[in-house]
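Listed here are the chains, written in short residue letters.
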Amino acid sequence: MNPLLEKFDLAPFSKIKNEHFKPAFLKAMKDARNEIDAITSNSEEPSFKNTIEALEFSGQQLDRVSSVFFNLNSAETNEEIQKIAQEISPLLAEFGNDITLNEELFKRIKSVYEKKNSQSLSIEQLTLLDKRYKSFSRNGANLSEDKKKRLREIDAAASKLKLKFGENILAETNKYQKHITKASDLDGLPDGAKEAAAQLARSKGKDSGWLLTLDYPSYIPFMKYADNRELRKELSLAFGSKSFKGDELDNQDIVLQIANLRYERANLLGYATHAHFVLEERMAQNPEKVHSFLNELLEKAKPAAEREFRQLEDFAKKLETIDRLEKWDGSYYSEKLKQKLFSLDDEQLKPYFKLENVIDGVFIVAEKLFGLQFEEVFDIDTYHKEVKTYRVYDSDRNFISIFYADFHPRAGKRGGAWMTSFKSQWKKDGENVRPHISNVCNFTPSTDTKPSLLTFNEVTTLFHEFGHGLHGMLADTTYPSLSGTAVYWDFVELPSQVMENWCYEKDALELFAKHYETGQVIPMELVEKIKESATFQEGMQTLRQLSFGLLDMSWHGADPTKITDVKAHENKAFLGTNLYPETPETCMSTAFAHIFQGGYSSGYYSYKWAEVLDADAFAYFKEKGIFNKEIATKFKEHVLSKGGTENPMVLYKRFRGAEPKVEALLERAGLI
Ligand SMILES: [Zn+2]
């Protein structure tokens with residue numbers, strides 16, 4: 001028997017063997033295809049129920065099998081699982097394409113879409129219908145045959161160019177090696193960084209000396225600690241001129257081509273620019289909104305950034321004889337200034353953050369805010385003995401969710417921290433089917449003599465992922481594809497980032513930040529220091545983020561067809577955001593993988609956007625009390641439980657009474 005092919009509620013981990021996956025995938029895909037065929041061959045007139053809803057609830061077994069498999073591939077993988085993933089992924093991509101290119105299916109969806117106003121659909125149903133329709137139309141389903149053909153050509157050309165863009169940067173990074181033979185050239189570096197540089201030299205066949213490269217683990221510590229200014233300059237220019245040397249690894253022409261193809265694609269589909277196309281499915285909605293957001297923040301953060309820059313330059317000049325602060329000095333002197341201002345290190349804080357205490361803390365916060373109770377249980381099947389399991393109830397003892405927590409690193413777990421689910425939430429046939437949510441992290445494990453003690457960064461990470469978890473656990477929607485974290489991209493970090501705020505509050509810390517040996521609550525002067533150091537040089541960093549956002553919008557929010565000079569265009573976009581003297585040898589765009597290779601085009605603004613949202617939301621709690629039940633209930637009812645059932649701006653305004661304002665962020669960061 002294949003346990004993945006039987007109906008299951010809790011994932012039956014202990015019964016699953018690797019050989020079960022492939023047949024389960026194949027069978028589940030076949031069933032899903034049959035379900036879709038049944039929709040398209042239905043002789044009744046297309047309706048919301050027989051088309052949109054039927055599609056929504058098709059392929060459920062495939063979803064369950066996929067979530068078990070891909071979660072394992074992230075948290076407990078091995079070569080065999082990776083091999084299955086390589087076999088299955090193209091089949092799943094093909095399955096997805098078969099749906100989005102299914103013309104019969106689109107015809108039915110379009111017919112429902114066109115009469116959407118005459119069917120008395122709920123807001124959630126209208127949202128689902130719109131989402132389904134757009135997943136086809138944004139892919140060209142409404143275009144004539146020749147335009148469809150052009151769209152496919154553009155997509156194929158763009159994906160090749162994106163690949164080449166990334167390959168060029170990688171080749172540039174790998175090409176650069178600086179062999180250091182004088183020990184004094186490494187003065188200032190921590191011993192660990194020196195050792196790593198020596199080891200790297202050995203591994204690259206050098207008999208002696210040290211090797212520096214443009215990989216982050218080598219580059220970042222060098223820029224932060226190395227006293228040798230000339231060498232810092234050399235490395236900084238090498239880093240900043242990647243794929244901008246006019247040779248075969250140059251990306252300037254690729255940048256222009258990608259920007260133009262995206263523009264053409266958007267035009268084909270009836271959008272003014274690529275940014276209009278992307279932002280249609282974002283909380284920000286249009287480029288005008290993003291521009292005014294970035295520029296408002298720029299105007300308000302700039303005085304603080306300039307103040308911080310002068311402070312840094314004065315500090316550097318007092319320390320050494322330099323005539324002006326250059327790009328290769330920033331990280332170096334900032335580190336020194338930070339050490340001077342806050343002598344705060346992780347070892348001081350860790351005793352107050354025993355993992356078990358922090359978990360209790362996040363549960364207490366969830367109880368105080370949302371009335372949730374977490375009960376650890378031992379009868380739920382897991383994929384590893386370290387995984388903890390909980391049943392979650394509300395204050396009326398209604399069952400809310402299953403919560404899995406997998407905290408420590410292992411061979412077979414990828415790095416980082418994330419929230420995921422083994423089963424999403426939906427309502428069908430009068431039943432509210434509850435979700436199975438998981439948090440996976442890589443926290444410092446316990447040792448024979450010490451329990452697991454978290455760094456402060458790990459504490460905020462735990463609260464962050466738990467916030468995503470709450471979004472999943474408290475979901476209360478009808479349709480699974482609109483449930484929990486299935487929201488617009490620039491809205492999804494609100495629940496997670498807002499939870500981090502409680503880590504800085506006295507009233508919250510008193511509940512759990514207790515010394516693991518003495519039980520003493522964390523001293524408030526330490527908390528104050530944490531807060532201050534968290535906003536160190538916030539103005540300069542804000543300006544930097546804004547400059548990237550503006551550059552992104554300059555490539556995607558306007559007609560790029562007249563741009564011929566990448567560097568000149570970039571300089572224009574950066575105008576008003578520069579603190580350091582300009583370096584003609586370097587170019588950001590030719591190595592801006594986020595927007596030209598990854599998925600952040602017209603989306604870079606969302607880093608700051610998300611911060612504004614969480615600061616504005618938390619300011620509401622601060623105003624009324626950080627454990628104020630009324631505000632928490634509003635947050636639960638209008639945000640956490642609603643998933644993607646409505647436009648996020650509408651949801652947010654229902655919670656907050658107004659659109660988010662940048663002031664809350666500026667205040668929290670001490671910029672105004
Ligand atoms: Zn997150």
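All values derive from a computational prediction rather than experimental measurement. Along each chain, residue indices are assigned from 1 in the same order as the chain's sequence is written. A pLDDT threshold of at least 70 governs which residues receive local features in this predicted model, and a stricter bar of 80 or more applies before side-chain atom pairs are shown or counted, although totals over entire chains, interfaces and linings include all residues. Excluding hydrogens and water, the side-chain values take into account all heavy atoms of the structure.

Draft legend 1. Seen up close, the coordination of the zinc ion. Sodium, potassium and calcium take a 3.2 Å donor cutoff, other metals 2.8 Å, and in both cases only N, O and S atoms count; water is not among them, so sites may look incomplete. Around the zinc ion, the protein contributes the donor atoms His 464 (NE2), His 468 (NE2), Glu 493 (OE) and Glu 493 (OE), which lie 2.1 to 2.8 Å from the metal centre. In these descriptions, tetrahedral denotes four donors with every angle between 85 and 135 degrees, square planar four donors and octahedral six donors with opposite donors over 155 degrees apart and the rest between 65 and 115, and irregular any other case. If you look at the zinc ion, its 4 donor atoms make angles of 51 to 141 degrees with each other, and the shape they trace is irregular. When the donors of the zinc ion are listed by position in the chain, the intervening gaps give H-x3-H-x24-E. Of this pair, His 464 and His 468 both sit in helix H17 (residues 456-473), 4 residues apart, which is roughly one turn of that helix. Elements are defined by DSSP. Helices are runs of H or I of four residues or more, strands are runs of E of two residues or more, and each kind is numbered from the N terminus.

Draft legend 2. A look at the packing of helix H13 (residues 287-319) against helix H24 (residues 606-624). Look at H13 against H24: their axes get within 11 Å of each other, and the N-to-C directions meet at 70 degrees. With respect to their mutual orientation, H13 and H24 come out roughly perpendicular. Residues Lys 289, Phe 293 and Leu 297 of H13 lie in contact with H24, whose contacting residues are Lys 608, Trp 609 and Val 612. Note on residue classes: Ala, Val, Leu, Ile, Met, Phe, Trp, Tyr, Cys and Pro are nonpolar, Asp, Glu, Lys and Arg are charged, and everything else, Gly too, is polar. Across the contact of H13 with H24, the residue classes break down as 4 nonpolar, no polar and 2 charged. All axes are obtained by fitting lines to C-alpha atoms, using only the stretch in contact for helices, and the reported angles, taken between N-to-C directions, cover 0 to 180 degrees. Our angle categories are set so that under 35 degrees counts as roughly parallel, over 145 as roughly antiparallel, 65 to 115 as roughly perpendicular, and the remainder as oblique. Two residues qualify as a contact provided that any one of their heavy atoms is within 4.5 Å of a heavy atom in the partner residue.

Draft legend 3. The packing of aromatic side chains, seen in detail. Note on aromatic pairs: the rings of Phe, Tyr and Trp (six-membered ring only in Trp) are paired at centre separations within 6.5 Å, and the planes decide the class, stacked below 30 degrees, edge-to-face beyond 60, tilted for the rest. Evaluated as defined, the whole model comprises 51 aromatic pairs. Here Phe 165 and Phe 596 contribute two aromatic rings whose centre-to-centre distance is 5.7 Å and whose plane-to-plane angle is 45 degrees, an arrangement assigned as tilted. Of this pair, Phe 165 sits in helix H7 (residues 145-175) while Phe 596 is found in helix H23 (residues 593-596), placing the two residues 431 residues apart along the sequence. For Phe 165, a relative accessible area of 0% translates into the label buried. Relative to Phe 466, the ring of Phe 363 lies with its centre 5.9 Å away and its plane at 55 degrees, an arrangement referred to as tilted. With Phe 363 in helix H16 (residues 355-370) and Phe 466 in helix H17, this pair connects stretches of sequence that are 103 residues apart. Side by side, Phe 363 and Phe 466 carry an identical accessibility label, which is buried. Three or more aromatic residues joined by ring pairs form one cluster here, namely Trp 502, Phe 618, Tyr 620, Phe 621, Phe 635, Tyr 652 and Phe 655. Buried residues are those whose accessible area, probed at 1.4 Å on protein chains only, stays under 20% of the maximum for their type, while exposed residues exceed 50% and partly exposed ones sit between those limits.

Draft legend 4. Region of the structure containing the packing of H13 against helix H21 (residues 538-556). Between H13 and H21, the least distance of the axes is 7 Å, while the angle of their chain directions is 145 degrees. Every pair of crossing elements has a handedness; the one defined by H13 and H21 is left-handed. For the contact of H13 with H21, the residue count by class is 14 nonpolar, 5 polar and 3 charged. Less than a right angle of anticlockwise turn of the near helix away from the far helix marks a crossing as left-handed, whereas a clockwise turn marks it as right-handed.

Draft legend 5. Structural detail: helix H26 (residues 648-656). What H26 keeps buried is the set Pro 648, Met 649, Leu 651, Tyr 652, Phe 655 and Arg 656. Seen along its axis, H26 keeps its buried residues to an arc of 160 degrees; they face one direction. Those residues of H26 hidden inside the fold are in contact with H13, helix H18 (494-500), H24 and helix H25 (629-640). Definition of a polar contact: a pair of N or O atoms within 3.5 Å, with one able to donate and the other able to accept a hydrogen when the atoms are protein atoms, and with sequence-neighbouring residues admitted only if both atoms are side-chain atoms. The backbone nitrogen of Met 649 has a side-chain oxygen 2.8 Å away, supplied by the residue at the start of H26, namely Asn 647. The arc refers to the directions leading from the helix axis to the C-beta atoms.

Draft legend 6. Quick peek at the sheet that holds strand S6 (residues 418-423). One open sheet accounts for 5 strands, arranged S3-S4-S5-S9-S6; its pairing is mixed. Taken across any chain shown, the strands that pair with only one partner, and hence form the sheet edges, are strand S3 (373-377) and S6. Within this sheet the neighbouring strands show an average axis-to-axis angle of 30 degrees, counted without direction. Here, strands pair whenever DSSP counts at least two bridges between them. The sheet contact formed by strand S5 (residues 399-406) and strand S9 (residues 436-440) spans 5 bridges and is parallel. Counterpart to Ile 402 in the pairing with S9 is His 436. Sitting on the sheet, H16 is in contact with S3, strand S4 (388-393) and S5, with an inclination near 140 degrees to S3.

Draft legend 7. Here's a closer look at the pattern of salt bridges. A side-chain nitrogen of Lys or Arg and a carboxyl oxygen of Asp or Glu constitute a salt bridge if their distance falls within 4 Å. What the rule picks out here adds up to 44 salt bridges. The salt bridge partner of Glu 326 is Arg 324, with a shortest N-O separation of 2.9 Å. Given a relative accessible area of 11%, Glu 326 falls into the buried group. Assessed through its relative accessible area of 42%, Arg 324 is described here as partly exposed. With a closest N to O distance of 3.3 Å, Asp 379 and Arg 391 form a salt bridge. Separated by 12 residues along the polypeptide, Asp 379 in the loop between S3 and S4 and Arg 391 in strand S4 bring together distant segments of the chain. When salt bridges with common partners are traced through the structure, they connect Glu 76, Glu 386, Asp 406, Arg 410 and Lys 413 into a single cluster.

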